[in-house]
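Each chain is listed here by its residues.
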Amino acid sequence: MRSPFDLADDTAYRAWRDAKLAAYPRSVDELVVPLADPRHLTTDEIEDLGLRCARANMAIYSAPHLPAGDKSIPKQLGQQLGLTRLEGNYLADEDGLSSITPAGEEGGARGDFIPYTHKPINWHTDGYYNTLDRRILGMTLHCAQDAEAGGENALLDHEIAYIQLRDANPDYIAALMQPDAMTIPARMDEDNVARPEQSGPVFAVDPVQGFLYMRYTARTRSIVWKDDAVTQAAVKALADILANSEYILTARLRPGMGLICNNVLHTRSGFSDSPEHRRLLYRGRYYDRLRFDSNKAPAHAA
Ligand SMILES: [Fe+2]
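Overview of the structure. Please read these numbers as outputs of a predicted model, since none were measured by experiment.

Another point: the packing of aromatic side chains. With the rule as written, the count across this model stands at 9 aromatic pairs. Aromatic side chains Trp 16 and Tyr 162 sit 6.4 Å apart centroid to centroid with 75° between the ring planes, which places their arrangement in the edge-to-face category. One end of the pair, Trp 16, is in helix α1 (residues 10–23); the other, Tyr 162, is in helix α4 (residues 158–168), with 146 residues separating them in the sequence. Ring centres 4.9 Å apart and planes at 70° place the aromatic pair Tyr 128 and Tyr 129 in the edge-to-face group. Pair check on accessibility: Tyr 128 and Tyr 129 agree, each one buried. In this structure an aromatic cluster arises from ring pairing among Phe 5, Tyr 13, Trp 16, Tyr 162 and Phe 203. The ring of Tyr 13 carries Arg 166 above its face, with NZ or CZ at 3.8 Å from the centroid. The cationic tip of Arg 289 hangs over the ring face of Phe 211; the distance from NZ or CZ to the ring centre is 4.2 Å.

Now the structure itself:
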């Protein structure tokens, strides 16, 4: 079967590329789908979410009329969309979702990791340090409480990053598909587990289903790029795309809103809190991609 990600098949790539760019949302509002009850999706709602994800590998749901702090909302929403294999880590809550909020003075281990601070987070996909057999394919972020100011998420479909990089120079794609393109040195990780050195590609194509997968971080500490000229040039070109792409969408999640995605590229801006606006997001990382099978949805109790 022909693949748009085959560097030798420019015709397949062109056709896919042109359709992808033409359909890609140019405003974050195009991603938003209001849901009556994310815990019990209707057939139409599943279709609406699926259309967004077909265009951009992500959708934003909105259910501001429900109690935003209810963790069953993102958990059950994900389950209906094929997200069942949740990655747990020792910082996650008992249900496997992580509560992303500043750790405060007595925060202990959490405060050592940037997600649990007020600091900005640069471009990355989640779990970029995981081995290929533990790839994070799906990610959800549910907003229980927004910040007083800041805390937006910039978002970019990784397929768009692939397109912009391949258009700049197909050799850059080949370089970033090398199994030793990116190396995370041996370290203690967020799970407080000692991990050996980890090498892998930035872009990979799933051998069975054919989808594109991306692992990336713009961090410069604790990451080693392959030391050849084309890889170094590719990394720089990718960073330039992420700084300037006209396709970047910026979302400010309000309470009751959330992102569902196939682990697209994202950032977080720095933010400030107040007692009434202490930013709290529930994050889920999954070994599954989103699936939109409206036939399996239970009938919505109207
Ligand atoms: Fe993230």
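The next thing to look at is empty space enclosed by the protein. Under the definition given, this model contains 3 cavities of 30 Å³ or more. Put simply, the largest cavity is a space of about 70 Å³. If you trace the largest cavity, you find it lined by Cys 143, Asp 146, Ala 147, Gly 150, Gly 151, Asn 153, Arg 252, Leu 253, Arg 279 and Leu 281. The residue inventory of the lining of the largest cavity, partitioned by class, reads 4 nonpolar, 3 polar and 3 charged.

Across the interface, α1 lies against α4 with an axial gap of 11 Å and an inter-helix angle of 125°. What the angle tells us is that α1 and α4 run oblique. Here α1 runs over α4; the crossing is left-handed. Contacts from Asp 10, Tyr 13, Arg 14, Trp 16, Arg 17, Lys 20 and Leu 21 in α1 reach Glu 159, Ile 160, Tyr 162, Ile 163, Arg 166 and Asp 167 in α4.

Strand order in the open sheet made by the 4 strands is β4-β17-β7-β15, with antiparallel pairing throughout. Across the chains shown, the open sheet's two edge strands, defined by having one partner strand only, are β4 (121–124) and β15 (249–251). On average, each strand axis in the sheet is tilted by 15° relative to the strand beside it, whichever way the strands run. Two elements, strand β7 (residues 153–156) and strand β17 (residues 265–268), share 2 bridges in a ladder whose sense is antiparallel. Residue Leu 155 lies in a different strand from β17, and its bridge partner there is His 266.

Among the nonpolar cores identified, the biggest contains 55 residues, and Met 58, Leu 156, Leu 165, Leu 176, Phe 203 and Tyr 216 are the most heavily contacted of them. Ranked by residue count, the leading element in this core is helix α6 (residues 229–244), at 6 residues. Listed in part, the 20 residues of the second largest apolar core include Cys 53, Ala 59, Tyr 282 and Leu 290.

The rules behind these values
Residues numbered from 1 in each chain as written. Predicted model: local features only at pLDDT ≥ 70, side-chain atom pairs only at ≥ 80, totals over all residues. Heavy atoms only, no water. Phe/Tyr/Trp six-rings, centres within 6.5 Å; stacked < 30°, edge-to-face > 60°. Helix = DSSP H or I, 4+ residues; strand = E, 2+ residues; numbered from the N terminus. Buried < 20%, exposed > 50% of the residue type's maximum accessible area, 1.4 Å probe, protein only. Lys NZ or Arg CZ within 6 Å of the ring centre and 35° of its normal. 1 Å grid on protein atoms, 1.4 Å probe; cavity = no way out; pocket = protein on both sides within 12 Å on 5 of 7 lines; lining within 4 Å. Points joined across faces, edges and corners; volume = space filled by probe spheres on them. Nonpolar A, V, L, I, M, F, W, Y, C, P; charged D, E, K, R; others polar. Axes fitted to C-alpha atoms, helices over the stretch in contact; angles between N-to-C directions. Parallel < 35°, antiparallel > 145°, perpendicular 65-115°, else oblique. Left-handed = near helix turned anticlockwise from the far one by under 90°. Contact = heavy atoms within 4.5 Å. Pairing = 2+ DSSP bridges. Core = buried A, V, L, I, M, F, W, Y, C linked by side-chain atoms within 4.5 Å.

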